[in-house]
Structure formats: C-alpha cells, structure tokens
Amino acid sequence: MDAAVIFRNATKFYGSGDKANMVFQNLNMTVLRGTIYGLLGASGCGKTTLLSCLVGVKELNSGECWVLGGRPGSPGSGVPGPRIGYMPQDISLISEFTVRSAVFYFGRIYNLKEEKIEERFTFLSKLLDLPPANRFMKDCSGGQQRRVSFACALVHEPELLILDEPTVGLDPVLRDNIWNHLVELTKTQNTAVIITTHYIEETKQAHSIGLMRGGTLMAEESPDNLMELFGVESLEDAFLILSQRQTRGEPVPEFQNEEYQAKKRLRDSLYSSSNSVADTRVSGSTFALVSNENITENRTNNPPTAKKKKYKQYYNSKRLKALLIKNFEQIGRNHSGLLWTFLFPIIEMFAFFWGVGTDPESLRLGIVNGESTWDNCLNYTASYPTAKYISDDQSCELTLLSCRFLQSLNTTIASKVFYDDIESARHDVESGKNVGYMYFAPNFTEASLARQNDGRLVEDYDLDFSELQIWLDMSNRQIGEVLKWNLYGYYYDFMHDLLTECNENPKLANIPINFEPPIYGKANDEYLVFMFPAVIITLTYFMSTSVTSATIVVDRLEGVWDRSLVAGISHGEILFTHFVSQLVLVIMQIIELLFISMVIFDMKCNGQFWLALILIFTQGFNGMLNGFFVSITCTTITLANLVTTGSFFMMILMCGLIWPLEGMPSGLRWISLCLPFTVPIISLRDILTRGWSLKYFEVVLGFIVSSIWTIVYVVVSLFILKRKG
C-alpha cells in the first residue's frame, strides 16, 4: 500500500514580515491509497487552504507536497486533472446549471463519453438522491446543491477523492449511505479519500484521522487507536484533550510512551530510507512508507514512473466543448441579461440619432419693435409690400423693414415673444424665461435706407439705428451659438431678397469672404455626422467591455473557475472559450449598431465599408479584452462595474467625442491619443467622411493602435492570471 498524498514540513502563510498571516507551519501528513483520511478541525484552522495546496490551486511557501507520486502541477502528474475528484467547501457551481448539466459539465471535462456520463449520472442520482435532472441549481436547497456538487466530484471515479465538508446539511440516512459508498470505493477501487467534516464522530469509519487546530496537525492516527491512547470513548473527547493541552502548551504524554515513539521512529526512518514503498502495520496503525528513491526523483522535477495514464494540460476538444456549452448555458439562461444585451444598442442608437445633432426648437426670443406693433405689422404687410422698386428714378421705397425681418424668422427655432419695452424683455431673459431679445429702433427702416443710399456719407446715428441689436443668454453656449448662427443666416436671406426686389445686386449683402464648397463633407452637415464615428466606436467598445467584464468575476465568485482548474482545465482554455461565446454576442451587437445607423438613419460611408467594418470589429475585440482584464483584476461585480463605467467616462471626455482634441492642452492631447479608441475614432472618421483608404497613414494608425492595445491586454491579463495561480 503506497501513499497517495504526502506533506512534509509544509508551511503556508499570506503577507510578509511581521504582518504575515500564518495558516500552517511545518505540517506533516500522509494519506494512503485505499484509505479514508478524516481531516478534522474547526473553521479557520487551515483545512481548506491545505486542500487548496494539495490540488494545486495554491502553492506552499515552503516544504513539500506529493500527490499520486508527483508534485501538483508537474508534467504528467495529472494534478490538477482527472486523477483527482474535488468537492470544495462552497458549492462552486453556476446558478444557471441544471442538475444534469452540472454533472455533464464535469463529466465532459474529465473526457468521459456521453454514454458513460449518462450511466454515472443515473447511478449517482440514486446514490445521492439528487433533485430532478432539469431543476436549476439556483432553485435547489442548500443540501440539494451539496449533493449535486458531490456527484460532480464522483462522476469520473478518480484515484484520489477530496471532499471538503461534503455531508453538511444532509439527512443522517443519506450521510450514512455516502460513508458506506466511500468505504466501498477504497476497497474495490483502491481510492484514497480525504474528507473534512464538522461531524467528528462520523469519521470513526475513516482508516485514519488528522486532528488540526490553529494550523497544527496535533495527531494523525486511526480513530480506534486515538481513543484507546487517551482512554476515551469518543473522538470528540480525544480532540478536546488535545486542544486543551495545546492551549496550555503542555506536552502530550501519550505521544511520549515507548511504543508510540517506536512506531513514529519506524515511520520516519522508512520515509527517509532507501527502501521501497511497503505496507507496515504496528499495533493496528497503518503508516505510509515512501522510498527515498521516489522522493529524490521528484525533487529533480522529473515525473515518477507512472502507474497510470499521464494526463496533459494541452488544449482538449472535449474540455473546450464542455466550457463552451457551459458558457452558452450561462448566457442563454440569463434571460434578463440577454434581453438587455440586445436592447442596449437599439436604445443607445435611437437615443443618439433622435436626441443629438438637430437644431434646438421653440426657443423663446423676446422682440421689442420700436417701429410698429406686431398686429400692425401683420395688417400692413398683408396689404402692402415692404419694398417697392420705382423704375422711373431707379429708387426703392422701403416700409417697416422690421416687420419684414420678423416674418422671415423661422418659428420652428425661435418662438417670438413681443414686449413693449426693453426693460420687460431683459427681465424675462434674466429670469430664464427667454434665451434673448432683439431690438429695432423706431426709425430702423429710414436708417437702413440711409445706410444703403448714403454710402461713405452716412451718419453714425443712421448706422446705429439700422443695426439689429440682440442680447443673448450665453450661459448655454450651444443654444446661444446655434441661435446666433441662425440669426446671421436669416439676416443674410432677408438682405438678399430685399436687394433683389430693389433691383440691386444681391451680392452687396455678402461680406467679402466666400466659403467655397467643402473639400470633405457638406457645408450644412449636422453635428451628429461628426459625432457618429466616435459614437459607433465608443458604443462598440463599451458594450463589449460590459458584456465580458462580469463573466470571470461570476465564475470566480461562484467557485466554478477554481474548481475547473482543479479538474485540469487551463487558464488559456477558460479565456479562449469565454472569448468565443462572448464574441457571438459582440458580433450581433455590432450588426445591430450598423443596421440602425446605416439602414434606418441612412448614415453614409464615403470610403470602403469593409475597412470601416474591420476597424469597428477590432474595437469590439479590444473592448472584450478590456472586459476580461477588468474581470480578472476585480473581485466583485460591483467593483467591476465601477471600474468599467468610471474608466469609460474618463475616456469619453478625452477621446474627441465631446470636444475636439485640438482644444486640449498639448500634454493632455498626447495622453488622449494613447487611449484605446481615440486614434481609431479619427481613422474611422477619415474612412466614413473623407473616403480614405489604407493608402493614408492616418487610417493605418488606427489599426496599429488597436493592435498594440490588443497585445497589452493579452499580456497583462495572462501575467495577472499567472500571478494569481
């Protein structure tokens, strides 16, 4: 009978220096094949950490650990891997699993055929009284969840079975059935079983027990020998005696007698000797005898002579299939999350196109007309022209030009509110009722005529009275600038029409600056045309990040991440399958964005559409990688959401979406250009509005920046995963 598990001088602590938290120190432990080892101790004594080191999830700070003849994680050891079955203290199964899919997930990971998994599922359902196969884990009670978790550890009939508190909350009859099954496994399959439990007395069926307290293994004996040694009838009494003596710092005389010391010396000498593994029984105690040859061989990091199949950690199609099925089950069964995933791009795009870029409407603009009342304006202009060309003397008769201008104002943008005096109009602007007011002097028409006819001889007061005086509330700069720009346009049209009617050259209304047709874009393009490339890039990036940022956090919180690693799955396999499953969602979201913008709202692409599509896709890819980075570094979903939204808002402010980069200080501008999507936004704008291709370096640069961020995310994420183990 050889050893399945050996710890020698094992030490584990967290932190460093005086602040180090010691979990256990110089711990020695031996578990034989074909035996049940009961590891007993109160919560917090180090049992779970010890098991985590055993299965390779955590590493010892010092000392040695040998599992099934090799170091955990060494080539060919199969640990982590299919040679062990691990049931952690937590349930460690995702809530979207059904009872059946949970067992099948681990069966596939362990490379079992579907028929074999079905056979084992049927057997375990009867043995453990599992809930109905189609019941979701989130709908199972705590005891039912533990039974399913137990079934997942047993499904592949491992060589070493590690059970952390498997019988908590179970019916006594079921607990007894489980123990009988474990005893049967040790007899028929030579399985080694390590079990931790709070029910001390149930470990009487164990072949040996280790009593652990405060990070120290106080004793390692068979239950009968331990009770006989202390002259008690229960294991609890023996544990109590040991704990009290440990607290007082007293030696244990029973461990000092000649017979016990002889057994201990025999065990230690056999461990350090060159003899081969043997089965030795001394006064009813069984000890693992480990050859120095095997120990030396393992210390050189060479795998021992394997009695079993060597399991490799390379990519495996069955494991990838199991992970993909698990991921798509998580996605598909989270109905609210899936619905929001597809509604989010629709809501955002419609909000953008309907809410951004169009001119403000119904702005209240105060009017103080010293020439005439509004009613008089309407009555007069309905019957008489405000401009009449007299061909005899080639003159033009003008009347109530203020009325003519006011009628030309577009009531969609400016809602005219008339006042009798300037004070009242100003008061309503100051109180926030109106966005501004305009004033026409009493002799506005006469002054305008004098301005036109007198040329260089015109008087200053005629120049003043012919002005259209406007006071605006510029606290809202966007509204103020839009209104100012439109009033310029209305005045130009007003003068252009007036000169035409007076048989004058309408070009006299132009200022001596002429803007020719734009080289790129249109002179009257809406602001949303400029914003669209930035919106499509940032939305793609943010949606991809939000979709993926919670995935690994959820797996870690529910424990399925670590449990999958113990089963032999690599970090690369987990990340790859998460990437594939999330990629499907991201592609569908990108299709939604492009369909809404290009088809429904008729946004134009003046360049090569396929080039724009690839650039948008690379940003979705980078957003996914950013989401994985966030989920790896954050320990809770709340923290992941805060990091995602907080960093994204900062990048939105600096990427040129809200304000041009040229308006930033030069140092901040360079920081902005180093962000993940600032340069790609510029490149996409060049493709969509300028029609540029890869012949232009500005377009190529967007792809270069995306590639650099891809490499950064991958390298940093893998480094963090390696550090975390």
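See above for the structure.
Small disclaimer: the values here were computed from a predicted structure and weren't measured. (Residues numbered from 1 in each chain as written. Predicted model: local features only at pLDDT ≥ 70, side-chain atom pairs only at ≥ 80, totals over all residues. Heavy atoms only, no water.)

*Asks:* What is the right way to look at a nonpolar patch on the surface in this model?
*Replies:* Taken together, the side chains of Leu339, Trp340, Leu343, Ile346 and Ile347 define a hydrophobic patch exposed on the protein surface, amounting to about 450 Å² of accessible area. Tracing the chain through its elements places leucine 339 in helix α11 (residues 335–355). Judged by relative accessible area, leucine 339 falls into the exposed class, the value being 53%. (Patch = residues over 30% accessible without salt bridge, like charges linked within 9 Å, V, L, I, M, F, W, Y side chains within 5 Å. Areas by Shrake-Rupley, 256 points an atom, 1.4 Å probe, with all protein chains shown as cover. Salt bridge = Lys/Arg side-chain N within 4 Å of Asp/Glu carboxyl O. Helix = DSSP H or I, 4+ residues; strand = E, 2+ residues; numbered from the N terminus. Buried < 20%, exposed > 50% of the residue type's maximum accessible area, 1.4 Å probe, protein only.)

*Asks:* Mind showing me how you'd approach the packing of aromatic side chains here?
*Replies:* The geometry of an aromatic ring pair is captured by two quantities: the separation of the ring centres and the angle between the planes. Tallying each qualifying case throughout the model produces 28 aromatic pairs. Taken together, the ring pairs in this structure connect Trp340, Phe344, Tyr541, Phe542, Phe648 and Phe677 into an aromatic cluster. Above the face of the phenylalanine 530 ring, arginine 685 is positioned so that its terminal group lies 3.9 Å from the ring centre. The ring centre of tryptophan 692 lies 4.7 Å from the NZ or CZ of arginine 690, which sits over that ring. (Phe/Tyr/Trp six-rings, centres within 6.5 Å; stacked < 30°, edge-to-face > 60°. Lys NZ or Arg CZ within 6 Å of the ring centre and 35° of its normal.)

*Asks:* What is the right way to look at the state of the cysteines in this model?
*Replies:* As enumerated under the stated definition, the model contains two disulfides in all. Between the sulfur atoms of cysteine 377 and its disulfide mate cysteine 403 the distance is 1.7 Å. Taking the torsion about the sulfur-sulfur bond, which here is approximately -55 degrees, the covalent link between cysteine 377 and cysteine 403 counts as left-handed. Linking cysteine 377 in helix α12 (residues 374–383) with cysteine 403 in helix α13 (residues 401–408), this pair joins segments that are 26 residues apart in sequence. For cysteine 377, a relative accessible area of 0% puts it in the buried group. Look at cysteine 403 and you get buried, because its relative accessible area is 0%. Described in terms of the sequence order of its bonded cysteines, the disulfide pattern of the chain is 1-3, 2-4. (Disulfide = S-S within 2.5 Å.)

*Asks:* What should I look at first to understand the nonpolar core in this one?
*Replies:* In summary, soluble globular proteins display a tendency toward joint burial of nonpolar side chains. If you look at the biggest cluster of nonpolar residues, it comprises 119 residues, and the most contacted ones within it are Leu93, Tyr105, Leu163, Leu182, Leu211, Phe532 and Ile536. The element that contributes the greatest number of residues to this core is helix α18 (residues 527–549), accounting for 11 residues. Among residues more than four places away in sequence, those in contact with leucine 211 are Leu40, Thr216, Leu217, Met218, Ala219, Leu226, Phe239 and Leu242. One finds Leu27, Tyr37, Leu50 and Leu68 within the second-largest nonpolar core, a separate group that totals 31 residues. (Core = buried A, V, L, I, M, F, W, Y, C linked by side-chain atoms within 4.5 Å. Contact = heavy atoms within 4.5 Å.)

*Asks:* I would appreciate a short explanation of the pattern of salt bridges in the present structure.
*Replies:* It is possible for side chains bearing opposite charge to pair when their charged atoms get close. This structure, assessed with the given rule, holds 15 salt bridges. Close ionic contact of glutamate 119 with lysine 116 constitutes a salt bridge, the shortest N to O distance being 3.7 Å. Taken together, the residues span about one helical turn, with glutamate 119 and lysine 116 both in helix α3 (residues 114–128) at a distance of three residues. Owing to a relative accessible area of 30%, lysine 116 belongs among the partly exposed residues under this scheme. Residue lysine 604 is joined to aspartate 602 by a salt bridge in which the shortest nitrogen-to-oxygen separation is 2.9 Å. Salt bridges here are not isolated pairs; linked through shared partners, they connect Lys116, Glu119, Arg120 and Glu157.

*Asks:* What is the right way to read a negative patch on the surface from this model?
*Replies:* Together, Asp454, Glu459, Asp460, Asp464 and Glu467 make up a negatively charged patch on the protein surface. The exposure class assigned to glutamate 459 is partly exposed, which follows from its relative accessible area of 42%. (Lys, Arg positive; Asp, Glu negative; His and termini not counted. Charge placed at Lys NZ, Arg CZ, Asp CG, Glu CD.)

*Asks:* Help me understand the packing of α18 against helix α19 (residues 551–558) in this model?
*Replies:* Helix-helix packing is characterised by the crossing angle of the two axes and by the distance between the axes. In the contact formed by α18 and α19, the axes pass within 5 Å of each other and the chain directions differ by 10 degrees. The angle between α18 and α19 places the two elements in the roughly parallel class. Of the residues in α19, those in contact with Val547, Thr548 and Ser549 of α18 are Thr551, Ile552 and Val553. Here the contact of α18 with α19 is composed, by residue class, of three nonpolar, three polar and no charged. (Axes fitted to C-alpha atoms, helices over the stretch in contact; angles between N-to-C directions. Parallel < 35°, antiparallel > 145°, perpendicular 65-115°, else oblique. Nonpolar A, V, L, I, M, F, W, Y, C, P; charged D, E, K, R; others polar.)

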